[in-house]
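# Understanding the architecture of this molecule
Listed here are the chains, written in short residue letters.
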Amino acid sequence: MDILVCVKRVPTVGGAITLTADRRAIDTKMSGFTISPHEECAVEEAVRLVERFGGAVTVASLGPPEAEEQLRSCLALGASAAVLLETAAEIGPIATADALYSVATSGSFDLVLLGNEASDTGDYQVGIRLAHLLGRPVATGIKAIVVGDDGASLTASRTYRGATEAFTLPLPCVLTVKEGINLPRYPSLPGRLRAKRAPVTRIGVPGPAAGEIRMTSLRVPEAPKKQATVLGHSSDAVPALVGVLTEIGVL
Amino acid sequence: MTVYCLVELDGAGVADAALRALTFARGLADGQASQAGARLAAVVFGEPPEADLARYGVTDVIAMTGIDGYAPQAWARALAALLDAPVSAGPASDGPESGGPVSGGPVSGGPVSGGPVSGGPVSGGPVSGGPEPGNTSAGGPAPDRVPDGRVAVLAAATDRGNEVLAHLGAITGLPMAANCVAVSPAAGGGYALVRQRWAGLLLEEALLDSPVALLTVATDAVSAQTPDTPPAVSAEMSAAVAPTPAAWESAPARPESAREAPVVRRASASVSAADLVVRAVETPSGAGGASLATARVVVGGGRGVGSADGFAPLEELAALLGGVVGVSRVVTSEGWRPHSMQVGQTGTKITPDLYLACGISGAIQHIAGCSGAKYLIAINKDPSAPMMTRADYAVIGDLHEIIPALVQAIKDRTERD
């Protein structure tokens, strides 16, 4: 089973988000970078499927030249090939799907995995747009994958409003997955060494496409500036706590 | 303009998230108050709860038939057909005084006068044509109802809403904006919108240069509200509407904004076999009880809980309060609780009346998941933890001491009563 996993380099956001002076990007001078937890799980899931059924994992990322760092992390986890779609500017979901389409059609992938949404832009659509370009079925938000005995289909399921929704898809297909589908492994030492030496294919991507939504500026929503009322220390605060619970109507 | 809103059902009623999306959608349609022709059409796959929809001010209800269950691409295909032939406020193509749509026909008896506030709608039949092609305002719009060509398709930013609208974007080639918190028409025929990035930790202001907008509405963008002036209800609906209109009568009559009963139409979705390949088979999950996303009370536990066993008092408290337990990411990565209980950016976004966060420091990815709580109470040893400074109420101390004491106090109180 040959699998393509698409990942995105995003800043590691810790205590608070600060913006650049032009308010068009996150100030990343002080931050590290990572991929979304959903995508870490997508890589892990792909590696597990290949360990079980054979084949290879290719990982692709659209981003700045520095996204090589994230691709090498994925290689260390067990991917065997990496493609970097290099772009200078932030690119919208339509153009991203177009660029990933070129990678997805460069090999014969049985499965394309993405995160359910990128943790930064949160567009919730690249996987679906890619599937439509490929003319393949797609399911999103997946928390479990079971490959059919015939190897020609899989069942992908998720939880929705307290019920399990299962989708059966013929292969090849596209899935977007969510954190919780597995617990990703830590990279092994041999994995890290292999990742250092592995080649990364670089492909240039044209700039933002027309017809996308145009970001004009970013802002951090004002946190409701309220002063927490301290009800007290330790179990001495319990009567006051009961009072508050009664007041707000949960008791 | 015409605003379509995909309305998800929850049992026989409208899902909470869909009520919020409808409220948001009505804001967009009403923002066009100068245009008497602005329509708000609820699109329902299944049997539409007409009374609920009427209360939320929809002018049209489109009941989609022909698709069994949830098939995201097929749902999107059906919405795409609506965009090809939008509901219009102009007369139907078969004549300016047309008494009904060409096909389908109204499910309810059409608007019937007799609403408690307004005198009800003027004519006895639906004024607009059906969603089928060839049934648009080809007969020429009425002079006071000039459609401006703007069309928006909205859905709640749930798993399904985002998924269906992304499919719709792919089918139509149009951009789709997920998790919007505000939208307004902009000069030049497009829209100015504000949407969430980073699960709401960051807001993006953006322009959409298209008269057709595909948007999902962040689940915490607005709270569900019925219009201040109630919709007029048709005779057969009024029986189903509760409470009785008594409450409405105290509201000042504002005939200029009085609403007509929605026109209900059935539309048969035309989909291909390929659209139906991916279709949900639903089974109730074993979990039972209230779900995290919709719980009214969530008791949260984080690193401070210390172990898998440490959750027992939190679970007891949650049960006493009629709520559920939610956890922070560290708890699921430690394997203390399953990921399905995780609150946060990559877990579940919660909107309870009360979030009682115990031993949770408050990483911003967690805050992103719980900022929709009406009241936030934090219990933590560290008074400077972000969760403590963000809370409405804070208790400083060890949760292992405080929670059992609280549980006992609630039990004592119950026994006294």
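How each quantity is defined
Residues numbered from 1 in each chain as written. Chains lettered and ligands numbered in written order. Predicted model: local features only at pLDDT ≥ 70, side-chain atom pairs only at ≥ 80, totals over all residues. Helix = DSSP H or I, 4+ residues; strand = E, 2+ residues; numbered from the N terminus. Buried ≥ 20, exposed ≤ 12 C-beta atoms within 10 Å, placed from the backbone. Contact = placed C-beta atoms within 7 Å. Domains from an automatic or database assignment. Nonpolar A, V, L, I, M, F, W, Y, C, P; charged D, E, K, R; others polar. Pairing = 2+ DSSP bridges. Right-handed = clockwise from strand over helix to strand, strands pointing away. Core = buried A, V, L, I, M, F, W, Y, C linked by C-beta atoms within 7 Å. Axes fitted to C-alpha atoms, helices over the stretch in contact; angles between N-to-C directions. Expected span 1.5 Å × (residues − 1).

## Quick word on the overall build of chain B
- Per the secondary structure count, chain B includes 11 helices and 17 strands.
- Per-residue burial for chain B yields a buried fraction of 54% across its 417 residues.
- Within chain B, residue pairs in contact and separated by at least 24 positions form 69% of the contacts whose partners lie at least 6 positions apart.

## Side note on the domain arrangement of chain B
- Once the domains are mapped, chain B shows domain 1 (2-276) and domain 2 (297-416).
- Residues of the side of domain 1 of chain B that touches domain 2 of chain B, tallied by class, amount to 3 nonpolar, 2 polar and 1 charged.

## Considerations on the interface of chain B and chain A
- Contacts between chain B and chain A engage 68 residues on the former and 66 residues on the latter.
- The element contributing the most residues to the side of chain B that touches chain A is helix α4 (residues 159-172) of chain B, with 9 residues.
- Of the residues that constitute the side of chain B that touches chain A, the class distribution is 39 nonpolar, 14 polar and 15 charged.
- Pairing between strand β10 (residues 163-170) of chain A and strand β12 (residues 281-284) of chain B: 4 bridges, direction antiparallel. Considered in β12(B), the bridge of A:A166 is made with B:V281.

## Concerning the pairing of strand β13 (residues 297-301) of chain B
Residue and element names in this part refer to chain B.
- Burial analysis of β13 places 5 of its 5 residues in the buried class, which makes it a mostly covered element.
- Of the two faces of β13, the one lined by V297, V299 and G301 and the one lined by V298 and G300 are each fully buried.
- Inspection of the sheet shows β13 paired to strand β15 (residues 354-358) by 5 bridges, in the parallel sense. By the bridge assignment for β15, V299 is matched with L356.
- In this view, the connection linking β13 to its parallel neighbour strand β14 (residues 324-327) by way of helix α7 (residues 312-320) has right-handed handedness.

## Things to note about the nonpolar core
- In this structure, A:V5, B:C5, B:V43 and B:L154 are the most contacted members of the largest nonpolar core, which totals 137 residues.
- What B:V43 contacts, discounting residues up to four positions off in sequence, is B:Y4, B:C5, B:L6, B:V7, B:I62, B:M64, B:L79 and B:L82.

## Remarks on the environment of A:L85
All names here are of chain A.
- Looking at where L85 falls in the secondary structure, it is placed in strand β5 (residues 81-86).
- In sequence terms L85 and A99 are 14 residues apart; their C-alpha atoms lie 7.4 Å from each other.
- If we skip the residues at most four places from it in the chain, L85 touches A60, S61, L62, A99, V103, I203 and V205.

## Description of the sheet that holds strand β9 (residues 202-208) of chain B
- In space, the 10 strands of this open sheet follow the order β13(A)-β9(B)-β8(B)-β7(B)-β10(B)-β6(B)-β1(B)-β4(B)-β5(B)-β11(B), with mixed pairing throughout. Here the strands that pair on one side only, and so sit at the sheet edges, are β13 (214-219) of chain A together with β11 (263-268) of chain B. The average undirected angle you get between the axes of adjacent strands in this sheet is 30°.
- Bridge count between β13(A) and β9(B): 5 bridges; the pairing is antiparallel. Opposite A:M215, over in β9(B), you have B:A206 as the bridge partner.

## Details of the sheet that holds strand β16 (residues 375-380) of chain B
- Here 6 strands make up an open sheet; going across it, the order is β14(A)-β17(B)-β16(B)-β15(B)-β13(B)-β14(B) and the pairing parallel. Whereas interior strands pair on both sides, the edge strands pair on one side only; in this sheet they are β14 (229-233) of chain A together with β14 of chain B. On average, each strand axis in the sheet is inclined to that of its neighbour by 20°, with strand direction left out of account.
- Against the sheet, helix α6 (residues 238-247) of chain A contacts β14 of chain A together with β16 and β17 (393-396) of chain B, and its axis sits at roughly 145° relative to β14(A).
- Packed on one face of the sheet, α7(B) meets β13, β14 and β15 of chain B and runs near 170° to β13(B).

## Describing helix α3 (residues 93-104) of chain A
Residue and element names in this part refer to chain A.
- Between the first and last C-alpha of α3 there are 16 Å, a value that for 12 residues agrees with the 16 Å anticipated at 1.5 Å per step.
- Of all 12 residues in α3, 9 are buried; the element is thus mostly enclosed.
- Every buried residue belonging to α3 is among P93, I94, A95, T96, A97, A99, L100, V103 and A104, and all of these are buried.

## Description of helix α1 (residues 37-53) of chain A
Residue and element names in this part refer to chain A.
- With 17 residues, α1 extends 24 Å from end C-alpha to end C-alpha; this agrees with the ideal 24 Å at 1.5 Å per step.
- Of all the 17 residues making up α1, 12 are buried; the element is thus mostly covered by neighbouring parts of the structure.
- If you check which residues of α1 are buried, you get P37, H38, E39, E40, C41, A42, V43, E44, E45, A46, V47 and L49.
- Following α1 by one or two positions, G54 has its phi on the positive side, about 80°.

## Considerations on unusual backbone geometry
- The peptide bond linking A:L171 to A:P172 adopts the cis configuration, its omega dihedral lying at 0°.
- Secondary-structure assignment places A:P172 in the loop between β10 and β11 (173-177).
- Even without a glycine there, the phi angle at A:R23 is positive, about 55°.
- Position of A:R23 relative to the elements: it lies in the loop between β2 (10-11) and β3 (33-34).
- Although it is not a glycine, B:A199 adopts a positive phi angle of roughly 55°.
- Considering the arrangement of structural elements, one finds B:A199 in the loop between β8 (191-197) and β9.
- C-beta crowding within 10 Å serves as the criterion here: with 23 such atoms nearby, B:A199 is assigned to the buried category.

## Focus on the environment of B:V44
All names here are of chain B.
- Structurally, V44 is set in strand β4 (residues 39-45).
- Along the sequence, V44 and I62 sit 18 residues apart, while their C-alpha atoms lie 6.2 Å from each other.
- Apart from residues lying up to four places away in sequence, V44 is in contact with V7, L9, V61, A63 and M64.

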